[in-house]
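Examining the three-dimensional arrangement
Chain by chain, the residues run as shown.
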Amino acid sequence: MTEPTQALRLVEAMLFASPTPLTEAAIAERLPEGADVPELIDTLVEQYRGRGVALMPVAGGWAFRTALDLAPLLRDAGHVVRRLTRAALETLAIIAYHQPVTRPEIEAVRGVAVAKGTLDTLLEAGWIAPGRRRQQPGRPLTWITTPAFLDHFGLAGLEDLPSVDELKASGLLDTRPAMAVLPGGTLSGEDGPEPPEDEDRE
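It should be emphasised that the depicted structure is a prediction, and the values quoted were computed from it without experimental measurement.

Moving on to helix 6 (residues 103-110). Inspection of helix 6 places Glu105, Ile106, Glu107, Val109 and Arg110 among the buried residues, and these make up the whole buried set. In this fold, the buried residues of helix 6 make contact with helix 5 (86-98) and strand 3 (101-102). Just downstream of helix 6, Gly111 is the residue with a positive phi angle, here 85 degrees.

Turning next to the pairing of strand 1 (residues 53-58). Alignment of strand 1 against strand 2 (residues 61-66), held across six bridges, turns out to be antiparallel. Across the sheet, the residue bridging to Leu55 is Phe64, located in strand 2. What sits between strand 1 and strand 2 in their antiparallel hairpin is a turn of two residues, with Ala59 showing a positive phi close to 50 degrees.

By size, the foremost hydrophobic cluster in this structure holds 19 residues, and its most contacted members are Ile95, Leu122, Ile128 and Phe149. Within the residue set of this core, elements represented by two or more residues are helix 5, helix 6, helix 7 (116-125) and helix 8 (147-152). Top contributing element to this core by residue count: helix 5, with five residues. If we ignore the near neighbours within four places in the chain, the residues touching Leu122 are Leu84, Ala88, Thr91, Leu92, Trp127 and Ile128. Val11, Leu31, Val37 and Phe64 belong to the second-largest nonpolar core, a separate cluster that totals 17 residues.

Turning to helix 7, a few remarks are in order. Among the residues making up helix 7, those that are buried are Thr118, Leu119, Thr121 and Leu122. For helix 7, the angular spread of the buried residues around the axis is 155 degrees, confining them to a single face. The exposed residues of helix 7 that point more than 90 degrees off its buried face are Lys116 and Glu124.

Turning to a negative patch on the surface, a few remarks are in order. There is a patch of like negative charges on the surface, built from Glu24, Asp36, Glu39 and Asp42. Note on placement: Asp36 falls in the loop between helix 2 (24-28) and helix 3 (37-47). What makes Asp36 partly exposed here is its relative accessible area of 38%.

Here the focus is the packing of aromatic side chains. Describing an aromatic ring pair means giving the distance of the ring centres and the angle of the ring planes. Within the structure shown, the criterion is met by five aromatic pairs. Taking the centre distance of 4.2 Å and the plane angle of 15 degrees together, the rings of Phe16 and Phe64 count as stacked. Separated by 48 residues along the polypeptide, Phe16 in helix 1 (residues 3-17) and Phe64 in strand 2 bring together distant segments of the chain. Judged by its relative accessible area of 48%, Phe16 is partly exposed. Among the aromatic residues, those joined into a cluster by ring pairs are Phe16, Tyr48 and Phe64. A cation over an aromatic ring shows up here: Arg51 above the ring of Tyr48, its NZ or CZ 4.5 Å from the ring centre.

With that settled, the discussion passes to the sheet that holds strand 3. Judged by pairing direction, the sheet is antiparallel, and its three strands sit side by side in the order 3-5-4 without closing on themselves. Of all the strands in the sheet, just strand 3 and strand 4 (128-133) have a single pairing partner and so form its edges. Sheet topology note: the strand 4/strand 5 (residues 141-145) ladder contains four bridges and is antiparallel. Each bridged residue has a counterpart across the sheet, and for Ala129 the counterpart in strand 5 is Ile144. Sheet strands touched by helix 7: strand 4 and strand 5. Its angle to strand 4, the strand with the most contacts, is close to 110 degrees.

Counting all residues, the mean pLDDT for the chain is 79, and 76% of those residues have values of 70 or more. No element of the chain has a lower mean pLDDT than helix 9 (residues 164-170), at 68, and none a higher one than helix 3, at 94. Within the model, the stretch residues 175-195 combines pLDDT values under 50 with 29 contacts to residues more than four positions away or in other chains.

Calculation criteria
- Throughout, a residue's number is its position along its own chain's written sequence, starting from 1.
- Confidence filtering applies because this is a predicted model: local features only for residues at pLDDT of at least 70, side-chain atom pairs given and counted only at 80 or more, and all residues used for totals across whole chains, interfaces and linings.
- To get the side-chain values, take all heavy atoms of the structure and skip hydrogens and water.
- Whether a residue is buried, partly exposed or exposed follows from its accessible area with a 1.4 Å probe, protein chains only, as a fraction of its type maximum: under 20%, in between, or over 50%, in that order.
- The secondary structure listing takes helices from DSSP runs of H or I that are at least 4 residues long and strands from runs of E that are at least 2 residues long, numbered from the N terminus.
- Throughout, a residue-residue contact means that at least one pair of heavy atoms, one from each residue, lies within 4.5 Å.
- Paired strands are those between which DSSP finds at least two bridges.
- The definition of a nonpolar core used throughout is a set of buried Ala, Val, Leu, Ile, Met, Phe, Trp, Tyr and Cys residues joined through side-chain atoms within 4.5 Å.
- Each C-beta atom gives one direction from the helix axis, and the arc is the one those directions make.
- Without a salt bridge and with relative accessible area above 30%, a residue can belong to a patch; like charges are then joined within 9 Å and nonpolar side chains (Val, Leu, Ile, Met, Phe, Trp, Tyr) within 5 Å.
- Residue burial considers only the protein chains on display, and all accessible areas are found by Shrake-Rupley using a 1.4 Å probe.
- Salt bridge, as used here, is a side-chain nitrogen of Lys or Arg placed within 4 Å of a carboxyl oxygen of Asp or Glu.
- In this count, Lys and Arg are taken as positive residues and Asp and Glu as negative ones, while His and the chain termini are left out.
- Charge placement uses NZ in Lys and CZ in Arg. For Asp and Glu, CG and CD serve respectively.
- We call Phe, Tyr and Trp rings a pair once their centres come within 6.5 Å, taking the six-membered ring for Trp, and we label the pair stacked below 30 degrees between planes, edge-to-face above 60, and tilted otherwise.
- Ring-over charges, as used throughout, are those where CZ of Arg or NZ of Lys falls within 6 Å of the ring centre and within 35 degrees of the ring normal.
- Note on geometry: axes are C-alpha line fits, over the in-contact stretch for helices, and angles between N-to-C directions span 0 to 180 degrees.
- For every residue, the predictor states its confidence as a pLDDT score lying anywhere from 0 to 100.

Encoded structure:
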């Protein structure tokens, strides 16, 4: 067996065995010195094109995933997942687009207070995690998305997120004026009245 063929088989086995996406650097660590990892990955992408599984860029790495056109056909065979509430979807979207973002900033965008259960749901799903504390009075905690968030939604990176206009059109974001509080990911710096709780929408 030639060395390139052996390297290709090894990369394929690593990707199948890994529970999480693998970066090219992580793959290179297990290969002979000088192995062309990008070329090996391109070869695998072509070999699996049109098959039931495909090699895709996910969360900054590579992973085998069900072919996109087959996903709807397999949906009934999968686990039943609890549907996220509108409040949770909005909160997740705000964190994704404005991270790192504090809870008060999330509330400023949504126009309602974030119920504890909303953040708990996203934490349990593994889609958000605590970020660094802000260097300001009170040192508020920030929130960021995780690689598991990118993996679940099939995103190679945050740059692959749909535009805010697309999210609003799909109904995942409110079109209320409060949504403009964080243009370009920054706060206006204006304090408003304390927002109501969103628990009635949970």
